Amino acid sequence: PSFGSIHRADEVINSSNMGAGLSLELPVSLRFSLNSGMTINATNVTGNVQLLSDKHSSRVQETRVRQFSIGIPLNIVYTIARNKRNLSVIAGISSYYSVSHHVELTSIVTRDVQLFHEAGGMTEIYTVTETVKESHSLPGHSQKFFPAAMFNLAFGIRAYSSRHAVFEIQPYYQHPLS
């Protein structure tokens, strides 16, 4: 899992990514190996931007993106220390197959409106807060392939190892290539 948040003066972006995967490692030499496999990722990103704000009104634009994808990494693994807890550096690229992609835009406008009411020769003034919320979905791409979409950089720490299976913790960084 990964979670992130950015807060600026008039903008807030929150993201979360849940993923899991399986990999196969093919030794090339004592310290180098090739690694490939499959990952499953569920990503959610929410952004709020304050577009207009003054004493009597405000406008907020909210964007929600939900994506479910399958990743296919191809990495080179360099093993730093060969002991019970192998340490390694992993670098490579990942291609993605987007299974579903949904984008929803919401605009919220809030303003103070003054209403005048005349009764018995007297005028009364009321201030009412009015909120208008409008949402619509953008057509998203589903089932689209993105070759060599991300650069991968990770550090692997082997947590469990048996003759047939290995459990490894890999804190990683991914950077878009396009």
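By convention here, each chain's residues receive numbers from 1 onward along its written sequence. Confidence filtering applies because this is a predicted model: local features only for residues at pLDDT of at least 70, side-chain atom pairs given and counted only at 80 or more, and all residues used for totals across whole chains, interfaces and linings. Side-chain metrics in this entry use all non-hydrogen atoms of the structure; hydrogen atoms and water are not considered.

Focus: the overall build of the protein chain
Looking only at helices and strands, the protein chain features 0 helices and 9 strands. Along the protein chain, helices (α) and strands (β) appear in the sequence β-β-β-β-β-β-β-β-β when read from the amino end. All radius of gyration figures rest on C-alpha atoms, and the globule criterion is 2.2 Å times the number of residues raised to 0.38. Whereas a compact globule of 178 residues would reach a radius of gyration of roughly 16 Å, the protein chain reaches 25 Å, over 25% beyond that. With respect to the principal axes defined by its C-alpha atoms, the protein chain has extents near 95 × 30 × 25 Å. Whether two residues are in contact is decided by their heavy atoms: any pair within 4.5 Å suffices. For the protein chain, restricting intrachain contacts to residue pairs at least 6 apart in sequence, the fraction spanning at least 24 positions comes to 59%. In short, Shrake-Rupley with a 1.4 Å probe defines the accessible areas, and a residue's cover is counted only from the protein chains shown. Carbon and sulfur atoms make up 61% of the accessible area of the protein chain, which amounts to about 12,600 Å² in all. Within the protein chain, the 12 negative side-chain charges are centred at a point lying 23 Å from the centre of the 14 positive side-chain charges. Secondary structure elements are taken from DSSP: a helix is a run of H or I of four residues or more, a strand is a run of E of two residues or more, and numbering for both begins at the N terminus. Charge counting treats Lys and Arg as positive and Asp and Glu as negative, with His and both chain ends excluded. Here the site of a charge means atom NZ of a Lys, CZ of an Arg, CG of an Asp or CD of a Glu.

Side note on the confidence of the model for the protein chain
When pLDDT is averaged along the protein chain, the result is 87, and 96% of the positions lie at 70 or above. Ranking the helices and strands of the protein chain by mean pLDDT puts strand β4 (residues 57-81) first, with 91, and strand β8 (residues 166-169) last, with 80. The predictor's confidence in any single residue is recorded as pLDDT, a number from 0 to 100.

A look at the pattern of salt bridges
The working definition used for a salt bridge is a side-chain nitrogen of Lys or Arg within 4 Å of a carboxyl oxygen of Asp or Glu. Summed over the entire model, instances satisfying the criterion amount to 4 salt bridges. R8 is paired through a salt bridge with E11; the nearest N and O atoms lie 2.9 Å apart. Looking at R8, the relative accessible area reads 52%, which means it is exposed. The salt bridge involving E62 is made with R64; its shortest N-O contact spans 3.1 Å. Burial here depends on accessible area, computed with a 1.4 Å probe over protein chains only, as a share of the maximum for the residue type. Under 20% is buried, over 50% is exposed, and the range in between is partly exposed. On the basis of relative accessible area, E62 is assigned to the buried category, the value being 18%. Judged by relative accessible area, which is 38%, R64 ranks as partly exposed.

Digging into the side chain of T79
Locating T79 in the fold gives a position in strand β4. Excluding residues within four positions of it along the chain, T79 makes contact with R31, L87 and S88.

Re a nonpolar patch on the surface
Each patch is built from residues lacking any salt bridge and having more than 30% relative accessible area; the joining distance is 9 Å for like charges and 5 Å for nonpolar side chains (Val, Leu, Ile, Met, Phe, Trp, Tyr). Together, L26, V28, F32, L34, I76, Y78, I80, L87, I157, Y160, F167 and I169 line one region of the surface with nonpolar side chains, adding up to about 1,100 Å² of accessible area. Where the nonpolar patch is concerned, the elements lending two or more residues are β3 (32-53), β4, β7 (144-161) and β8. Within the secondary structure layout, F167 lies in strand β8.

Here we look at the environment of G37
In this structure, G37 sits in strand β3. When its relative accessible area of 23% is taken as the criterion, G37 is described as partly exposed. A C-alpha to C-alpha distance of 18 Å links G37 and T79, two positions 42 residues apart in sequence. Each residue touching G37, except ones within four places of it in the same chain, is listed here: L22, S23, G71, I72 and P73.

As for the pairing of strand β5 (residues 87-119)
Pairs of strands are assigned from DSSP output, requiring at least two bridges between the strands. As defined by bridge partners, β4 adjoins β5 across 24 bridges and the pair is classed as antiparallel. Bridging from a neighbouring strand, Q67 pairs with H101 of β5. By the bridge criterion, 11 bridges tie β5 to β7 in an arrangement that is antiparallel. Note that in β7 the partner of S88 across the bridge is G156. Alignment of β5 against strand β6 (residues 122-138), held across 17 bridges, turns out to be antiparallel. Directly across from R111, in β6, lies its bridge partner E130. Where β5 folds back onto β6 in an antiparallel hairpin, the turn is made up of 2 residues, including G120, whose phi is positive at roughly 60 degrees.

Let's talk about unusual backbone geometry
Phi angles above zero are rare outside glycine, and A148 is one such case at about 45 degrees. Among the secondary structure elements, A148 is positioned in strand β7.

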